[in-house]
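Letter by letter, the chains look like this.
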Amino acid sequence: MVNTGRFVILVLAYRFLVPILSAAEPDHAARESYVVYMGSPSSGGGGDVEAVRAGHLQMLSSVVSSGGGGEQGSAAAPALTQSYHHAFEGFAAALTSSEAAALAGHERVVSVFKDRALQLHTTRSWDFLEVQSGLRSGRLGRRARASGDVIVGVIDTGVWPESPSFDDAGMPAVPPRWRGVCMEGPDFNKTSCNKKLIGARYYGVQPDSSSPAASSAGSPRDTVGHGTHTASTAGGAVVSGAGYYGLAGGDARGGAPGSRVAVYRACSMGGCASSAVLKAVDDAVGDGVDVVSISIGMGSAFQSDFLADPIALGALHAHARGVLVVCSGGNDGPGPYTVVNSAPWILTVAASSIDRSFQSDVVLGNGDVVKGVAINLSNQSLSGGEYPLVFGAQAAARYAPVAEASNCYPGSLDAEKVRGKIVVCVGTDPMVSRRVKKLVAEGSGARGLVLVDDAEKDVPFVAGGFAFSQVGIDAGAQILEYINATKNPTAVILPTEDVRDFKPAPVVASFSARGPGMAESILKPDLMAPGVSILAATTPSADTEDVPPGKKPSAYAIKSGTSMACPHVAGAAAFVKSAHPGWTPSMIRSALMTTATTTNNLGKPVASSNGAAANGHDMGAGEVSPLRALSPGLVFDTTAHDYLRFLCYYGYKEQVVRKVAGGDAAGFSCPAGAPSPDLAAAAVNYPSISVPRLQRGGKPATVTRTAINVGATNATYAAAVEAPPGVKVSVKPDRLVFNKRWTTARYEVSFEVADGAAGVSKGYAHGAVTWSDGAHSVRTPFAVNVV
C-alpha cells in the first residue's frame, strides 16, 4: 500500500550464495534463515509429509553441527523451520554461511538464498469496471456468479473473520475437493471459518510490539488490515450500505462474490518472511485453490534472479499444477524498470484510478475557493469561523532552516507561531512523507495543514479527523500570494466530499511501478486494475489514529496501492474460472489481457499520471474488463515447456532447468545456442510481445504465436496493426481461419526499422496487433526497443 506509515519494512540486502568459501567457520558463527530450493518434488507432490521432512532433516544433518560437542546433526531438527512438498520441494533452516554453501553444492539442490523480508504492496471499482466494459452484465454476470466452486487463496496478513464481507449466507456446501484447514489460535476458532471463508492458516509470524493484538502471533487473525482488505476485494460477499464515515457509500463486494476465500497469514506489521510466503504458496496448491493473490514483493532495487526469488519459485510450480498466481507489480513508480514480480508465469498487476475523487477544498479569507484533495473527516467548517493562515517558512523554529520549515520537517516549526492556525507546507523534500508532515503540524498545535505538492496528488491522503488538503503547485502559488498580500490571512479547510463520475478515469497511478521488467523479453506489467482509494473491509482496530473524534473504528477502509489492484485481477480471474472451469491458468490470463480496455471514460486513450498516453510499460495490456474476458474469442495457452525454454534462453543450464521441472521435463532439452535473451521473446506463447533489441539496418525480429479458438465454430479473424512511427510491423498470415472450436492457428509478427526512418528515436516504441472476427477483438500489445 502507499504512504500509510503503517508498515516499517526492513528490506534485507542480499547476494546469491556462491558455494566456495576460503575457510571453515567456527561453531559459534551466526546463523540466519535460508531457503533451500530443490525443484519439483520427486514424488510428484502430495506424498508422505513425514517422509519428506525426514529426508530434509537427513540432508541438514550432513552439514549442521551441534555446536556443543555433541554428535554431528543433533542440531538439525531445531534448525529446520519449514518443509515444502506439495508444489515443489525444499525447506527453510537456520544455517551459518558455510553450512548454506555446503548445501548449495548438494546434487539435489537448485539454489540456496537468504530468507529475506518482503514488502506488503497496498466500492465502486467493480461497478466502474463493468461500465468501462461497454457490456450489459446481466446474462454474462449470472453465468459466472452462479458458481461457488472457485477458491481464491490470499497470502497476506490474515483475515478479520467477523467482517460482513465474509458472511456465507445462501452459499452452498464447501466443494469436496477442498483439502485445507481452519487453524485455531487464541483469538481464532474453527467456527471463524464458514462456507465463504473456508480455510485459514498462519505461519508463526510475529507482529510488531506496537501491534494492537500481540496475542495473535499464533493465529490467522489480521491485526494490520491489509489482508482483510485484499481478501474482501478479491472474493468478498455483497455488503449493502458499506462506507467510510459517510464517504464512498454503497455496496461493497469482491470480484467473484460467489467464490470461496482461503487466507494464508504469512505477513505481519513488519513484513513477510520469504520462507513463510513459499510455505503459504505450497500449502495453497496442496489445499486445492484455483487462484492465488499475492500483494507482496521485494523492492525494485533488490530484485534477484528467478531461482532465488521466493514468489517466482512458488508461482512457477503453482502454475504447473493449474493454479494462477496474481501479484502486485509494486509501488516504486513512476520510473522505468521498477516493476517487480515480473516472471512470465506470474500475472503482474499495475494500479489505476477509478471515476471517484475525494475533494477537500480550501476557502480563503477573501472568498476564493481552492480545489484540493484528501480524505479529511474534520468538522473545521462547522465550528463557525476561519483560522489564521501561515506559511511554514514564516513559522520556523529557532535555528531551523527555512527550507525545512517550509517542508514541515520534524522539529522545524515553532509551536507558538503555528498553534491554532492552518499551516501551509510544500513538498520539495521527498524524504518527508505526507503522514510525517501531518503529524508535525498536528503535534505543533496547528488546526490544519495545506500541502502544496503535485506529487501523489492523484492518491488522496487519509488524514482522519485532522483538517488536511493537498493542492497543486499552481493552486499553492495562489494561496501563498494571498498570504503575502494580506495582513491577517485566514482560511478554512472543508471536509471531504466524494465526487462520482469523475473524468478522466482510469489513469495510471503515479506510484504504480513501470516496466520493463527484469526479463525485457516479456512485456510487464500484464494488466492494470483499480488501486487508488479502494473501499474494502478492514480490521476495525488497525487504523485507530485515523478515527475521527467521537467515532468508532470503521469496519471498512479506503486504501491505495498495487496491493489493492492485485486482488481485483485475482477476483476477475476467479470470475472467468467459474464460467470456464476447464481453462488453464494461462488461458485465463490471456482472456483477461486480450480483452482489456485502453480508453478512458471520455473515449480517449488511457493516460499515465504525467498526462501522456499510457503505454505497455505503464499499464500492460490495459484496464482489466472481467465481463469482456468471459468471451475472448481467441486465447494464447502457455505450456510448461514454454517456461522451461524461457529459463534456458535466460541463461540457466539445462541440468538446473531439469531439476526445476522434475517430471515436467520428460523429453525436454534446451534449444541449441541458448542462452539468448533476445530469443526469449519468441519462446513463450504470451498474449503480449516484447522485443528487447531491434537493430537499425539489421535483420527483422520475428516472434511466433499460436492462438486457440474458444469462440464460434466457424470463424475468420483479420489482423490490424497499430505500428509506432519508424517501425515496420508485418503479420503472416494476416487472416486466421478456424473451422471449429479448440483448433489452433500459428502466425508470425515481424518487426524492423522502416526504410528511410533514419531519424527514428532510440528506445522503446509501443503498438498492438488486434485480431477481429466482427464479434471479438483480441488485442496483443507489443513493445520494441530500437537500438
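Residues numbered from 1 in each chain as written. Predicted model: local features only at pLDDT ≥ 70, side-chain atom pairs only at ≥ 80, totals over all residues. Heavy atoms only, no water.

**Remarks on the overall build of the protein**
Point 1. A tally of helices and strands in the protein yields 19 helices and 39 strands.
Point 2. For the protein, buried positions account for 60% of its 787 residues. (Helix = DSSP H or I, 4+ residues; strand = E, 2+ residues; numbered from the N terminus. Buried < 20%, exposed > 50% of the residue type's maximum accessible area, 1.4 Å probe, protein only.)

**Brief notes about the environment of Ala400**
Point 1. Mapped onto the fold, Ala400 is located in the loop between strand S21 (387–391) and helix H9 (402–406).
Point 2. For the pair formed by Ala400 and Leu413, sequence separation is 13 residues and the distance between their alpha carbons is 7.7 Å.

**Points about unusual backbone geometry**
Point 1. The amide bond that connects Gly333 to the next residue, Pro334, takes the cis arrangement and shows omega of 10°.
Point 2. You can see Pro334 is positioned in the loop between strand S15 (324–328) and strand S16 (347–352).
Point 3. Backbone torsion omega between Ala505 and Pro506 reads 0°, so that peptide bond is classified as cis.
Point 4. If you trace the backbone, Pro506 turns up in the loop between strand S27 (497–500) and strand S28 (527–530).

**Topic: the sheet that holds strand S13 (residues 291–294)**
Point 1. Read from one edge to the other, the open sheet built from seven strands follows the order S7-S10-S6-S13-S15-S16-S28, with strand pairing classed as parallel. On the outer flanks of this sheet lie strand S7 (197–202) and S28, each paired with one strand and no other. The mean angle between the axes of side-by-side strands here comes to 25°, regardless of whether they run parallel or antiparallel.
Point 2. Helix H7 (residues 274–287) contacts strand S6 (151–156), S7, strand S10 (260–265) and S13 of the sheet and is inclined by roughly 150° relative to S10. (Pairing = 2+ DSSP bridges. Axes fitted to C-alpha atoms, helices over the stretch in contact; angles between N-to-C directions. Contact = heavy atoms within 4.5 Å.)

**Points about the packing of H7 against helix H8 (residues 310–320)**
Point 1. The geometry of H7 relative to H8 is characterised by a closest axis approach of 9 Å and an angle of 10° between their N-to-C directions. Taken together, H7 and H8 sit at an angle that is classed as roughly parallel. Contact residues: H7 offers Ser274, Val277, Leu278, Val281 and Val285, while H8 offers Pro310, Ile311, Leu313, Gly314, Ala315 and Ala318. (Parallel < 35°, antiparallel > 145°, perpendicular 65-115°, else oblique.)

**Comments concerning the state of the cysteines**
Point 1. One pass over the structure, following the stated rule, counts four disulfides.
Point 2. Linked covalently through their sulfurs, Cys182 and Cys193 form a disulfide whose S-S length is 2.0 Å. Taking the torsion about the S-S bond as the criterion, the Cys182 to Cys193 disulfide, at about 85°, is right-handed. A residue pair is termed long-range when its members are at least 10 positions apart, and Cys182 in the loop between S6 and S7 and Cys193 in the loop between S6 and S7 qualify at 11 residues. Grouping residues by exposure puts Cys182 and Cys193 together as buried.
Point 3. Two residues share a disulfide in this structure: Cys648 and Cys670, whose sulfurs sit 1.9 Å from each other. Its torsion about the S-S bond being -70°, the disulfide of Cys648 and Cys670 is classed as left-handed. (Disulfide = S-S within 2.5 Å.)

**Regarding the sheet that holds strand S33 (residues 701–709)**
Point 1. Strand order in the open sheet formed by four strands is S31-S33-S37-S35, and the pairing between neighbours is antiparallel. Lying at the two open borders of the sheet, with one neighbouring strand each, are strand S31 (634–635) and strand S35 (727–732).
Point 2. Sheet topology places S31 next to S33; two bridges connect them, and they run antiparallel. Of the residues in S33, the one forming a bridge with Val635 is Ile708.

**Side note on the environment of Gly698**
Point 1. With respect to the helices, strands and loops of the structure, Gly698 is situated in the loop between strand S32 (689–694) and S33.
Point 2. Among the residues examined, Gly698 registers a relative accessible area of 32% and is labelled partly exposed.
Point 3. For the pair Gly698 and Val753, spaced 55 residues apart in sequence, the C-alpha separation works out to 8.4 Å.

**Notes on the confidence of the model for the protein**
Point 1. Averaged over every residue, the pLDDT of the protein is 86; the share at 70 or more is 87%.
Point 2. Below a pLDDT of 50 lies the segment residues 2–27, which in the model reaches 64 contacts outside its immediate sequence neighbourhood of four places, other chains included.
Point 3. Contacts for the low-pLDDT stretch residues 206–216, under 50 throughout, to residues beyond four places or in other chains number 18 contacts. (pLDDT = per-residue confidence, 0-100.)

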